[in-house]
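# Descriptive analysis of the structure
Chain by chain, the residues:
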Amino acid sequence: MSRQQAIDYLKSVHTRMAEQVDFSPENPVINTTLGTLVRTLCDWQTFDDLATIDLDPEVAPLLTDLPRLCACAECEMEKWWCRKILSDMQTETCPANRALAAFWYMDNYRELYTAERALMTDAQHNKAAFLGSGALPLTAILMAEADPTASIRCVDMDAIACDLSRQLIEALDLSDRIEVICASAQSYIPRADETVICASLLSGAGIYDHLLDHGVRTLLVRDAEGLFRLLYKPAVLPTNGYVERAKTQPCHTRINTSRLFERAA
Ligand SMILES: C[S@@+](CC[C@H](N)C(=O)[O-])C[C@H]1O[C@@H](n2cnc3c(N)ncnc32)[C@H](O)[C@@H]1O
């Protein structure tokens, strides 16, 4: 594919998505368009001339609006899949692991979790809060499954997402390890020595200052780099009070990069 064909493809994806009203997986246009976009951007990372197409002036306007449309689809997709997994688990023939494994992006989440786990010490992994956990709190579930003594809080300001994720956590029998709290990140009171993980779709001002004021020492921030900025807006990073200590390497099969920050001395 030539550079111009790639740019035209991205513009057509944006036009098609912007025309949609239903962003849930009930809409086949959303499923096909988004699924193909994710696969295409992963492939382009391996071609020198396409891997930097996000820097092309013609693509610049898409860097703002495509992630906004993708975020709408992601929130709807998580709710739709949470309902589907709950319903599948109620049928005797579909145990929890098979119901979860059916989720289209389960392998991507496992890969993301594995990369993030490598940044954390056991203690940092053992007590964590995930801000912007959504209806499908897969990272919290993977953390709880990996460590039976883990204590994880999922925080989200969307009451429907919280209700669904609470039902899923109960159905997976993980309520002793994962608590769901319906609150904004800006009002959440962290526990002592809690690692705070910030979702890539976490939004709003003042979150890091709030966490700094409440003594949070370790932050893990999900970011997006390069071509993947067409799917997720890059994270707003802490500028005050925290120092970046480690990050996962960009990779063509993992959409997010994650940055570990520690409180400055
Ligand atoms: C759909 S989830 C996506 C999480 C993503 N899959 C990830 O792993 O990073 C994003 C959630 O963030 C929540 N959210 C965004 N800003 C927030 C804030 N300031 N406080 C609490 N929740 C927030 C939204 O309600 C939404 O449910």
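Residues numbered from 1 in each chain as written. Predicted model: local features only at pLDDT ≥ 70, side-chain atom pairs only at ≥ 80, totals over all residues. Heavy atoms only, no water.

Of all six residues in strand E2 (residues 151–156), five are buried; the element is thus mostly enclosed. Taken together, the five bridges between strand E1 (residues 127–131) and E2 define a ladder with parallel strand orientation. Bridge assignment links lysine 127 to a residue of E2, and that residue is serine 151. A crossover connection joins E1 to the parallel E2 through helix H7 (residues 138–146); in handedness this β-α-β unit is right-handed. By the bridge criterion, five bridges tie E2 to strand E3 (residues 178–182) in an arrangement that is parallel. Counted as the bridge partner of isoleucine 152 is isoleucine 178 from E3. (Buried < 20%, exposed > 50% of the residue type's maximum accessible area, 1.4 Å probe, protein only. Helix = DSSP H or I, 4+ residues; strand = E, 2+ residues; numbered from the N terminus. Pairing = 2+ DSSP bridges. Right-handed = clockwise from strand over helix to strand, strands pointing away.)

Right, let's talk about the site of the ligand for a bit. With respect to spatial proximity, 20 residues lie near the ligand, and among them Glu74, Tyr109, Asp156, Ser203 and Arg222 are the closest. Note that a nitrogen atom of the ligand is positioned 2.8 Å from one of the backbone N or O atoms of alanine 185. Side-chain polar atom of arginine 222 to an oxygen atom of the ligand: 2.5 Å apart, as the coordinates give it. Here the shell around the ligand is built from residues that sort into nine nonpolar, six polar and five charged. Domain assignment of the residues forming the shell around the ligand places at least three in each of domain 1 (3–98) and domain 2 (106–263). (Near = heavy atom within 4 Å. Polar contact = N/O pair within 3.5 Å; in protein donor to acceptor, adjacent residues only side chain to side chain. Nonpolar A, V, L, I, M, F, W, Y, C, P; charged D, E, K, R; others polar. Domains from an automatic or database assignment.)

Between helix H5 (residues 106–117) and H7, whose axes approach to 10 Å, the crossing angle comes to 60 degrees. The angle between the axes of H5 and H7 places the two elements in the oblique class. Pair H5 / H7 crosses with right-handed handedness. In this structure, H5 contributes Met106, Tyr109, Arg110, Tyr113 and Glu116 to the contact, and H7 contributes Leu138, Thr139, Leu142, Met143 and Ala146. (Axes fitted to C-alpha atoms, helices over the stretch in contact; angles between N-to-C directions. Parallel < 35°, antiparallel > 145°, perpendicular 65-115°, else oblique. Left-handed = near helix turned anticlockwise from the far one by under 90°. Contact = heavy atoms within 4.5 Å.)

Okay, the domain arrangement of the chain next. Annotation of the chain at the domain level lists domain 1 (3–98) and domain 2 (106–263). Taking only C-alpha atoms, the centre of domain 1 and the centre of domain 2 are 21 Å apart. Contact between domain 1 and domain 2 buries roughly 2400 Å² in total, counting both sides, with carbon and sulfur atoms accounting for 73%. Its largest share of buried area at the contact with domain 2, domain 1 owes to Glu78, Lys79 and Leu86, together 22% of the area lost on that side. Inspection of the domain 1/domain 2 interface yields two salt bridges. Between lysine 79 and aspartate 158 there is a salt bridge, with its nearest N and O atoms 2.6 Å apart. The interface formed by domain 1 and domain 2 holds five residue pairs in polar contact (both at pLDDT 80 or more) in total. (Buried area = accessible area lost by both parts, 1.4 Å probe. Salt bridge = Lys/Arg side-chain N within 4 Å of Asp/Glu carboxyl O.)

What follows concerns unusual backbone geometry. The general pattern is negative phi for most residues beyond glycine and trans for most peptide bonds. Located in the positive-phi region is aspartate 173, a residue other than glycine, with phi close to 65 degrees. Summarising the element assignment, aspartate 173 is placed in the loop between helix H8 (159–171) and E3. You can call aspartate 173 exposed: its relative accessible area is 64%. At aspartate 193, a position not held by glycine, the phi torsion is positive, near 60 degrees. Along the polypeptide, aspartate 193 turns up in the loop between E3 and strand E4 (195–198).

The next thing to look at is the packing of helix H1 (residues 3–18) against helix H2 (residues 28–44). Here H1 crosses H2 at 155 degrees, and the two axes come no closer than 10 Å. If you check the angle between H1 and H2, you find them roughly antiparallel. Crossing hand, H1 versus H2: left-handed. Contacts between H1 and H2 involve Ala6, Tyr9, Leu10, Val13, Arg16 and Met17 from the first element and Val29, Ile30, Thr33, Leu34, Thr36, Leu37, Thr40, Leu41 and Trp44 from the second. Looking at side-chain class alone, the contact of H1 with H2 contains 11 nonpolar, three polar and one charged residues.

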